[in-house]
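Here is what each chain is made of, one letter per residue.
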Amino acid sequence: MVRRKLTDEEINLWHRVVERAERLHVNGNPTRPLPKPKPNRAPAGQDAPQAPRPNPAAPPSPSLTVKPQSVQMDRKAFGRMKRGKLVPEGRIDLHGMTLDRAHPVLTRFILSSQASGRRLVLVITGKGKESKDQGPIPVPRGILRRNVPLWLSMPPLAQAVLQVESAHISHGGEGAFYVYLRKVR
């Protein structure tokens, strides 16, 4: 694999990021020396350098993609659920909550729903708002919408959850999730 050279604009952007970052290595030396910043000027008679374009062949960032989950529940019930024909037995609305507040509330709701024998619950996250501060690193919208499936796949909730799917439009669409719970043994 051949690595391309960084443009002057990319090097200058990196140095702006480094200036704001805190050093993790107390004693100091990074493993590779940083490239020297260059002035952001084009020579006379030439156009200014173009902003770097993303590589269209590059795969999307793994943190922003949701892997399709294989069907773990009864296929007939799964089809009815995806069409919005199954009515959730419980619901929780996490709109407007912070991550620190939403995680324990979700955990308590899922575990108590499973303990009371519920099978299908609706978790409403909302679609999220656009960030007002679009800095050099873009922040995707919907922090709860991205984190709820992750939380549901980790202990202690993973043992209670059989299937997680986006809700039908009649139950909130992209701003909500169906959570199909395992039977209590």
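I will try to describe carefully the structure that is included in this document. What you are looking at is a predicted structure, and each value in this text was computed from that prediction instead of being measured.

Of the regular secondary structure elements, the protein holds four helices and four strands. If you list the helices and strands of the protein from N to C, you get α-α-β-α-β-α-β-β. Summing over all exposed atoms, the protein offers an accessible surface of approximately 14,200 Å²; the carbon and sulfur share of this is 55%.

Here we come to the pairing of strand 4 (residues 176–181). For strand 4, a buried count of six out of six residues is recorded, marking the element as mostly surrounded by other parts of the structure. Alternating positions in strand 4 separate into two faces, A176, Y178 and Y180 on one and F177, V179 and L181 on the other, with burial throughout. Direction of pairing for strand 2 (residues 120–124) relative to strand 4: antiparallel, over a ladder of five bridges. Within strand 4, the position partnered with V121 by the bridge is V179. The sheet contact formed by strand 3 (residues 161–166) and strand 4 spans five bridges and is antiparallel.

Where nonpolar side chains cluster on the molecular surface, the patch consists of L13, W14, V17 and V18 and spans about 300 Å² of accessible area. Along the chain, the position of V17 falls in helix 1 (residues 8–20).

Taken together, the side chains of K76, R80, R83 and K85 present a region of like positive charge at the surface. Tracing the backbone through its elements, the reader meets R80 in helix 2 (residues 75–82).

Counted under the stated rule, the structure contains two salt bridges. E10 is the partner of R4 in a salt bridge, and the nearest nitrogen-oxygen pair spans 2.7 Å. For E10, a relative accessible area of 15% translates into the label buried. For R145, the salt bridge identified is with E174, shortest N-O distance 3.7 Å. Of this pair, R145 sits in helix 4 (residues 143–152) while E174 sits in the loop between strand 3 and strand 4, and the two are 29 residues apart along the sequence. You can call R145 partly exposed: its relative accessible area is 23%.

Moving on: the sheet that holds strand 4. The four strands lie next to each other as 1-2-4-3, forming an open sheet whose pairing is mixed. Strand pairing shows two members of the sheet lacking a second neighbour, strand 1 (90–93) and strand 3, which therefore form its edges. Ignoring strand direction, the axes of neighbouring strands in this sheet form an average angle of 20°. Relative to strand 3, helix 2 is tilted by about 35°, and along the sheet it contacts strand 2, strand 3 and strand 4. On top of the sheet, helix 3 (residues 99–115) reaches strand 1, strand 2, strand 3 and strand 4; it is set at about 170° to strand 2, its chief contact.

With that settled, the discussion passes to the side chain of T125. In this fold, T125 is placed in the loop between strand 2 and helix 4. By relative accessible area, T125 is classed as buried at 6%. When near neighbours in sequence (up to four residues on either side) are disregarded, T125 contacts H95, L144, R145, V148, G175, A176 and F177.

Attention shifts here to helix 4. Structural remark: α-helix, 3.6 residues per turn; residues separated by three or four positions point the same way. All buried positions along helix 4 are accounted for by L144, N147, V148, W151 and L152. An end-on view of helix 4 places all buried positions within 130° of arc, on one side of the element. Here the buried face of helix 4 lies against helix 3, strand 2, strand 3 and strand 4.

Rules used throughout
- Residues numbered from 1 in each chain as written.
- Predicted model: local features only at pLDDT ≥ 70, side-chain atom pairs only at ≥ 80, totals over all residues.
- Heavy atoms only, no water.
- Helix = DSSP H or I, 4+ residues; strand = E, 2+ residues; numbered from the N terminus.
- Areas by Shrake-Rupley, 256 points an atom, 1.4 Å probe, with all protein chains shown as cover.
- Buried < 20%, exposed > 50% of the residue type's maximum accessible area, 1.4 Å probe, protein only.
- Pairing = 2+ DSSP bridges.
- Patch = residues over 30% accessible without salt bridge, like charges linked within 9 Å, V, L, I, M, F, W, Y side chains within 5 Å.
- Salt bridge = Lys/Arg side-chain N within 4 Å of Asp/Glu carboxyl O.
- Lys, Arg positive; Asp, Glu negative; His and termini not counted.
- Charge placed at Lys NZ, Arg CZ, Asp CG, Glu CD.
- Axes fitted to C-alpha atoms, helices over the stretch in contact; angles between N-to-C directions.
- Contact = heavy atoms within 4.5 Å.
- Arc of directions from axis to C-beta.

Shape descriptors only; they carry no functional weight alone.
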